[in-house]
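Secondary and tertiary structure notes
The primary structure of each chain is shown beneath.
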Amino acid sequence: MTEAHVPSPGPGGHHERGEDLVAITRALELARSVRTRTSPNPWVGCVIAAASSGTGSAPLRFEGATEAPGGRHAEVVALEAAGEAARGATLYTTLEPCAHHGRTPPCATAVVQAGVSRVVLSVRDPDPQVAGTGVATLRQAGVEVTEGVGRAEATELLAPYLKHRRTGRPWVVLKLAVTLDGRIAAPDGSSKWLTGPEARADAQRLRAESDAVLVGAGTVRADDPALTVRTDPSPAHQPLRVVLGRAPDAARVAPALEAEGDPGHVLEQLGDKGVLQVLVEGGANVAHQFHAAGLVDRYVLYVAPALFGGDDARPLFAGPGARTMAELWRGRLVSVERLGGDLRVELAAEAERELRP
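1. Focus: the overall build of the protein
The helix and strand tally for the protein stands at 10 helices and 16 strands. Per-residue burial over the protein gives 50% buried out of 357 residues. Across the protein, every contact between residues at least 6 apart in sequence was considered, and the portion connecting residues at least 24 apart equals 73%. If you sum the accessible surface of the protein, you get close to 16600 Å²; carbon and sulfur atoms cover 52% of it.

In structure tokens, the structure reads:
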């Protein structure tokens, strides 16, 4: 992709942890830049730091990010940009290089053949076809491997991919727009618009990052949503639209996958289709089903500075909740961000910690 100069290494040479963090941070930025284009492949960034041919010059840096399915992986993009400069260089990648033939040849083999002397990676790939074989291939060829640099950031960024490869199910994000008194719609069912344009634009970004968008048939009948991504530029592909139940024949959501039964079974079906992240957009009955079953990994609430001021407006969840304080659901606050006049509140389920390395 690009070639650039990075600061000269300190007394400890390229093994200095500070330099490793700088390079991995850049690799993470590259991975984020292709977040919406690589699924069902992981979004990975790679940086190669190669010694300059000029005496006393700063090392050269070559960069790569995963291309669309069927295209090159991040490591190969960076290696091809580096050419002969990769020999003896350090390669930084956010995910363990693959060691199997898929749509493309194995990256670990390409790294070895390029003559890279050291690889720094953030997390191992739990895919059964990789799962340590990439690291083993590198070490058997005499390549020094350092693991865990930027692990927390890479695990957060790759959470949907990592969960899918470990469990077969997609990462579940529940998104709801809500008033300060916890209501999502007026008693007559109207809800347009609770939040402002900035919050709605962020919700579009969430859709663009998701492989599927899921709503209940009641929401389709009430609101007739298209569930498409409307961003500029337009996304390379639209998410799969999923309706729990039967959608009316003339609904704008068509064509859609109509699913029946237990939400857990629905997630297994979506996982089998290669869906890494599903965005659950409601309504209150569907939100309750996924929440009550403990299937939500992240809750994203767009909170409007508004109050319905009564108990007759529609709540976040339609169904029985915690009966005692001992049963109260508690999560982890990930972030609170102001978007225009609204707040974006992101919560993590405690169960997600079990998926972390």
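That was the structure; now back to the text.
2. Some words on the confidence of the model for the protein
Taken as a whole, the protein shows an average pLDDT of 87; of its residues, 89% reach a score of 70 or greater. Note that pLDDT drops below 50 for residues 1–16; the model gives that stretch 38 contacts with residues more than four away or on any other chain.

3. Some thoughts on the nonpolar core
Ile 48, Leu 79, Leu 91, Val 116 and Val 119 are the most contacted members of the largest nonpolar core, which has 45 residues in total. Top contributing element to this core by residue count: helix α1 (residues 17–33), with six residues. Not counting the four nearest positions on each side in its chain, Val 119 is found in contact with Leu 91, Thr 93, Val 111, Leu 138, Val 143, Glu 144, Val 145 and Thr 146. Membership of the second largest hydrophobic core comes to 29 residues, among which are Val 172, Val 275, Tyr 299 and Val 345.

4. Description of a nonpolar patch on the surface
Together, Leu 333, Val 336 and Leu 343 give the surface a local cluster of nonpolar side chains, amounting to about 270 Å² of exposed area. In this structure, Leu 333 sits in strand β15 (residues 332–339).

5. Thoughts on unusual backbone geometry
In the segment running from Ser 39 into Pro 40, the intervening peptide bond is cis, with an omega of 10°. Looking at the secondary structure, you find Pro 40 in the loop between α1 and β2 (45–50). Residue Pro 255 is reached from Ala 254 by a cis peptide bond, and omega for that bond is -5°. Tracing the chain through its elements places Pro 255 in the loop between β10 (240–244) and β11 (257–259). Non-glycine residue Leu 227 carries a positive phi angle of around 60°.

6. Section: the state of the cysteines
Per the counting criterion, the structure on display carries zero disulfides. Left without a disulfide partner, Cys 46 is nearest to the cysteine sulfur of Cys 107, which lies 8.7 Å away. The cysteine Cys 107 is free of any disulfide, with Cys 98 supplying the nearest cysteine sulfur at 3.7 Å.

7. Notes on the packing of aromatic side chains
One pass over the structure, following the stated rule, counts one aromatic pair. Between Arg 35 and the ring centre of Trp 43, over which it is positioned, the NZ or CZ distance is 4.0 Å. When the ring centre of Trp 193 is taken as reference, the NZ or CZ atom of Arg 200 above it lies at 4.4 Å.

8. Regarding the pairing of β15
On a regular strand, each side chain points to the face opposite its neighbour's, so the side chains alternate between the two faces of the sheet. With seven bridges joining them, β15 and strand β16 (residues 342–348) adopt antiparallel strand pairing. Looking at β16, one finds that Ser 335 is bridged to Glu 346. Between β15 and β16, which pair antiparallel one after the other, the connecting turn spans two residues, and Gly 340 there sits at a positive phi close to 65°.

9. Examining the pairing of strand β9 (residues 212–216)
Of all the five residues making up β9, five are buried; the element is thus mostly covered by neighbouring parts of the structure. Covered by surrounding structure in β9 are Ala 212, Leu 214 and Gly 216 together with Val 213 and Val 215, the residues of both alternating faces. Where β9 meets strand β12 (residues 277–282), four bridges bridge the pair, whose relative direction is parallel. Counterpart to Leu 214 in the pairing with β12 is Val 280.

10. Details of the sheet that holds strand β7 (residues 171–179)
Each strand in a sheet pairs with another by means of backbone hydrogen bonds, the pair being arranged parallel or else antiparallel. With mixed pairing, the eight strands of this open sheet are ordered in space as β11-β10-β9-β12-β7-β13-β16-β15. What marks the edges here is a single partner per strand, and that holds for β11 and β15. On average, each strand axis in the sheet is tilted by 20° relative to the strand beside it, whichever way the strands run. Set on the sheet, helix α9 (residues 263–272) makes contact with β7, β9, β10, β11 and β12; between it and β10 the angle comes to about 160°.

11. So, the side chain of Ser 39
In this fold, Ser 39 is placed in the loop between α1 and β2. Of note is the side chain of Ser 39, whose polar atom sits 2.7 Å from the side chain of Asp 211. Beyond its immediate stretch of four places on either side in the chain, Ser 39 contacts Pro 69, Asp 211 and Leu 276.

12. Comments concerning the environment of Val 278
Its place among the elements puts Val 278 in strand β12. Put simply, Val 278 and Val 213 are 65 residues apart on the chain and 5.7 Å apart in space, counted from C-alpha to C-alpha. If near-sequence neighbours (up to four positions away) are discounted, Val 278 is found in contact with Pro 170, Trp 171, Val 172, Val 173, Ala 212, Leu 214, Leu 267 and Leu 270.

Rules of the game
Residue numbers restart at each chain and count upward from 1, following the sequence in its written direction. Given that this is a predicted model, residues contribute local features only at a pLDDT of at least 70 and side-chain atom pairs are listed and counted only at 80 or more, while totals for whole chains, interfaces and linings are drawn from all residues. Side-chain numbers here rest on the full set of heavy atoms in the structure, without hydrogens or water. Starting at the N terminus, helices and strands are each numbered in turn, a helix being any DSSP run of H or I of at least four residues and a strand any DSSP run of E of at least two. Relative accessible area decides the class of each residue, using a 1.4 Å probe on protein chains only: under 20% of the type maximum gives buried, over 50% gives exposed, and in between gives partly exposed. Whether two residues are in contact is decided by their heavy atoms: any pair within 4.5 Å suffices. Each accessible area is a Shrake-Rupley result for a 1.4 Å probe, and residues are judged covered by the shown protein chains and nothing else. Here pLDDT means the predictor's own confidence in every residue, given as a number from 0 to 100. Here the nonpolar core consists of buried residues drawn from Ala, Val, Leu, Ile, Met, Phe, Trp, Tyr and Cys, with membership extended through side-chain atoms lying within 4.5 Å. Patches in this entry comprise residues that are over 30% relatively accessible and not in a salt bridge; like charges within 9 Å are linked, as are nonpolar side chains (Val, Leu, Ile, Met, Phe, Trp, Tyr) within 5 Å. The term salt bridge refers to a side-chain nitrogen of Lys or Arg lying within 4 Å of a carboxyl oxygen of Asp or Glu. In what follows, a disulfide is any cysteine sulfur pair within 2.5 Å. Only Phe, Tyr and Trp rings are paired, with Trp represented by its six-membered ring, and only when their centres lie within 6.5 Å; those with planes under 30 degrees apart are stacked, over 60 edge-to-face, the remainder tilted. Criterion for a charge above a ring: Arg CZ or Lys NZ at most 6 Å from the ring centre, at most 35 degrees from the ring normal. Pairing between two strands is assigned when DSSP locates at least 2 bridges connecting them. Axis lines are fitted to C-alpha atoms, over the contacting stretch for helices. Their N-to-C directions set the angle, which ranges from 0 to 180 degrees. Pairing of N or O atoms within 3.5 Å defines a polar contact, subject to two protein rules: one partner must be a possible hydrogen donor and the other a possible acceptor, and residues neighboring in sequence count only if both atoms are side-chain atoms.

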